[in-house]
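# Remarks on the overall topology
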Amino acid sequence: MSAISNLDVLISSMQPELQGPCYVFAFLPHHSPLPEGAKMLFEEQEGWTAILPIEQAKVLGLRYEFACRMITLNVHSSLDAVGFLARITRHLAALGMGVNPVSAFFHDHLFVPAERAEEALAALRQLSAERP
């Protein structure tokens, strides 16, 4: 599977899919054990950010924010594709919706407000169906 960098091809073939649980962005100090099963761990100067299911964050007693759902874009996007996430986030911003994108090796994943996840999914499907 080759990574795609053409913006029009990426948008038209992104096949957004809403994933399971409600996630949160949680904070862990540097010395904390890192939680297993996190969708993402990222180290910043202040400590670790973990994206994990809200129930796991509660059980671990972690400080967290942004109850969200994950939408996976099922297209193998090139990590150096120009404008893909910009176009998507601009489209959602026009709806007054914040989004936290995470790029991985094969796909991009969008963390959108949990209460607006279905709206975000519909908006992305509509964007994908538009002709350039």
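The coordinates are above.
The following refers to the structure shown. Remember, predicted model here, so these are calculated numbers, not experimental data.

Rules of the game
Residues numbered from 1 in each chain as written. Predicted model: local features only at pLDDT ≥ 70, side-chain atom pairs only at ≥ 80, totals over all residues. Heavy atoms only, no water. Core = buried A, V, L, I, M, F, W, Y, C linked by side-chain atoms within 4.5 Å. Buried < 20%, exposed > 50% of the residue type's maximum accessible area, 1.4 Å probe, protein only. Helix = DSSP H or I, 4+ residues; strand = E, 2+ residues; numbered from the N terminus. Contact = heavy atoms within 4.5 Å. Phe/Tyr/Trp six-rings, centres within 6.5 Å; stacked < 30°, edge-to-face > 60°. Lys NZ or Arg CZ within 6 Å of the ring centre and 35° of its normal.

## Side note on the nonpolar core
- By size, the foremost hydrophobic cluster in this structure holds 21 residues, and its most contacted members are Ile-71, Ile-88, Leu-92 and Val-112.
- Looking at this core, the element that brings in the most residues is helix α4 (residues 117-129), giving six residues.
- In contact with Leu-92, not counting residues within four places along its chain, are Met-97, Val-99, Val-112, Ala-120, Ala-123 and Leu-124.
- Of all hydrophobic cores here, the second largest spans nine residues; its members include Val-24, Ala-50, Ile-54 and Leu-62.

## Here's the deal with the packing of aromatic side chains
- Evaluated as defined, the whole model comprises four aromatic pairs.
- Geometrically, the ring pair formed by Phe-25 and Phe-111 is edge-to-face, given 5.8 Å between the ring centres and 85° between the ring planes. Residue Phe-25 is found in strand β2 (residues 23-28), and its partner Phe-111 is found in strand β7 (residues 108-113); the two are separated by 86 residues along the sequence. Both residues of the pair, Phe-25 and Phe-111, count as buried.
- Aromatic rings pair up to connect Tyr-23, Phe-25, Phe-66 and Phe-111 into one cluster.
- For the cation-ring pair, Arg-63 lies above Phe-27, with the distance from its terminal atom to the ring centre recorded as 5.4 Å.

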